[in-house]
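As a plain string of letters, each chain reads:
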Amino acid sequence: MKTDISRATKGLIIINTGKGKGKTTAALGLMLRAWGHGMNVVMLQFIKRASANCGEHRAAQKMGVELVAGGAGFTRSERSLDANKLLTGQLWKTAKEKVTSGDYDMVVLDELSYPLRYGWLTVEEVLDVLRNRPPAVHVVITGRDVPGELIEMADMVTEMGEVKHHLKKGIKAQPGIEF
Ligand code: ATP
Ligand code: MG
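Residues numbered from 1 in each chain as written. Chains lettered and ligands numbered in written order. Predicted model: local features only at pLDDT ≥ 70, side-chain atom pairs only at ≥ 80, totals over all residues. Heavy atoms only, no water.

Chemist: Explain the site of ligand 1 here, please?
Modeler: Taken together, 15 residues surround ligand 1, and among them K21, K23, T25, E111 and E162 come closest. The contact in question runs from a nitrogen atom of ligand 1 to an N or O atom on the side chain of R144, over 3.2 Å. In the complex, the protein chains occlude 85% of the 570 Å² of accessible area that ligand 1 would expose alone. Of the residues forming the shell around ligand 1, the biggest block, three residues, is contributed by helix α2 (residues 23–36). Residues that form the shell around ligand 1 fall into these classes: three nonpolar, five polar and seven charged. (Near = heavy atom within 4 Å. Polar contact = N/O pair within 3.5 Å; in protein donor to acceptor, adjacent residues only side chain to side chain. Areas by Shrake-Rupley, 256 points an atom, 1.4 Å probe, with all protein chains shown as cover. Helix = DSSP H or I, 4+ residues; strand = E, 2+ residues; numbered from the N terminus. Nonpolar A, V, L, I, M, F, W, Y, C, P; charged D, E, K, R; others polar.)

Chemist: Even after reading the chapter, I still don't get the coordination of the magnesium ion (ligand 2), so can you show me in this structure?
Modeler: By definition of the ideal shapes, four donors in a tetrahedron about a metal sit 109.5 degrees apart, and six donors in an octahedron sit 90 or 180 degrees apart. Within the protein, the atoms that donate to the magnesium ion (ligand 2) are T24 (OG1) and E111 (OE), at distances of 2.1 Å. Separated by 87 residues along the polypeptide, T24 in helix α2 and E111 in the loop between β4 (106–110) and α5 (113–117) bring together distant segments of the chain. (Donors = N, O, S within 2.8 Å, 3.2 Å for Na, K, Ca; no water.)

Chemist: Where do I start with the pairing of strand β2 (residues 41–45) in this structure?
Modeler: Note on strand geometry: in a regular strand, side chains alternate between the two faces of the sheet. Counting buried residues in β2 gives five out of five residues, a clear majority hidden from the surface. The alternating pattern of β2 places V41, M43 and Q45 on one face and V42 and L44 on the opposite face, and all of these are buried. Two elements, β2 and β4, share five bridges in a ladder whose sense is parallel. Bridging across to β4, V42 finds its partner in V107. Following the chain from β2 across helix α3 (residues 55–63) to the adjacent parallel strand β3 (residues 66–69), one finds a crossover that is right-handed. (Buried < 20%, exposed > 50% of the residue type's maximum accessible area, 1.4 Å probe, protein only. Pairing = 2+ DSSP bridges. Right-handed = clockwise from strand over helix to strand, strands pointing away.)

Chemist: Explain the layout of surface pockets here, please?
Modeler: Using a probe with the size of a water molecule, rolled over the atoms, empty space left in the structure can be pinpointed. Of the volumes computed, that of the largest pocket is approximately 1100 Å³. Listed by contribution, the elements that provide at least two residues to the lining of the largest pocket are α2, α3, α4 (78–101) and α5. With four residues, the single largest contributor to the lining of the largest pocket is α2. A volume near 170 Å³ is recorded for the second largest pocket. As for the second largest pocket, its lining consists of L28, G29, M31, L32, W35, V41, E56, A59, A60, M63, V65 and L67. (1 Å grid on protein atoms, 1.4 Å probe; cavity = no way out; pocket = protein on both sides within 12 Å on 5 of 7 lines; lining within 4 Å. Points joined across faces, edges and corners; volume = space filled by probe spheres on them.)

Chemist: Explain the nonpolar core to me, please; I cannot follow it from the model alone.
Modeler: Nonpolar side chains in soluble globular proteins generally cluster together in the buried interior. Within the largest apolar cluster, 26 residues are counted, with the highest numbers of intra-cluster contacts made by W92, L109, L112 and L150. Top contributing element to this core by residue count: helix α6 (residues 123–131), with five residues. Among residues more than four places away in sequence, those in contact with L109 are L44, F46, W92, A95, V139, V140, I141 and T142. (Core = buried A, V, L, I, M, F, W, Y, C linked by side-chain atoms within 4.5 Å. Contact = heavy atoms within 4.5 Å.)

Chemist: Got a minute to help me understand α2 in this structure?
Modeler: In an α-helix, one turn spans 3.6 residues; hence positions three or four apart end up facing the same way. Here α2 is 14 residues long and its end C-alpha atoms lie 20 Å apart, about the 20 Å a rise of 1.5 Å per residue gives. Along α2, the positions that sit buried rather than exposed are K23, T24, A27, M31 and A34. Looking straight down α2, one finds its buried side chains confined to an arc of 90°; they lie on one side. Residues R33 and G36 are exposed on α2 and point more than 90 degrees away from its buried face. Taken together, the buried residues of α2 touch β1 (13–17), β2, α3, β3, β4 and β5 (138–142). G38 occupies a position one or two residues after α2 and carries a positive phi of about 80°. (Expected span 1.5 Å × (residues − 1). Arc of directions from axis to C-beta.)

Chemist: What should I look at first to understand the sheet that holds β5 in this one?
Modeler: Whenever strands of a sheet pair, they do so through backbone hydrogen bonds, lying parallel or antiparallel. The parallel open sheet is built from six strands, whose spatial order is β3-β2-β4-β5-β1-β6. Edge positions in the open sheet fall to β3 and β6 (156–159), since each of these has one partner strand only. Each strand of the sheet is rotated relative to its neighbour by a mean of 10°, with strand direction disregarded. Across the sheet, α3 lies against β2 and β3, angled at about 145° from β3, the strand it touches most. (Axes fitted to C-alpha atoms, helices over the stretch in contact; angles between N-to-C directions.)

Right, here's the structure in full:
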């Protein structure tokens, strides 16, 4: 953590939620902005697989930014749910260490709402870690259907609302936009 920044910093809990597009990409934008200040940033992705090799994975590698895609992918098949459940436990352990270590200025927990919604992780465990973090650490959480207790605790909550989405017109996912 950069001491010159942390002295004046009030760590925020920031939530990007809602049905519209832009939750993860807005979190990546915050990471980019913080990184520009020389802040130490990390994103932990709870659903995406490392092998997805999305634009953000490639960019993080090029920038030397830590990004861990520790999920098993998005499908709702029984096998994928089991795999995501297992990986959530491991990634949550890493998340706890990163948030509480004091080594990071910003920790992004991407799609954290899914393990909470499926009951693989309790909201109490998450609240406990957030409450016990060093006071200057920003934590950004993304995903749909974030539990009320987390919304309550957050300092800033933005709901992305869908007005139009090109996928609904049958336009397929575009590199640089969707992945
Ligand atoms: P992004 O990662 O692009 O910022 P997101 O984090 O807001 O999107 P997720 O719920 O994580 O959205 O969904 C991941 C993918 O699903 C994104 O590529 C996004 O374009 C697509 N998506 C998001 N909202 C919609 C929607 N309303 N209809 C269809 N596809 C959507
Ligand atoms: Mg997302």
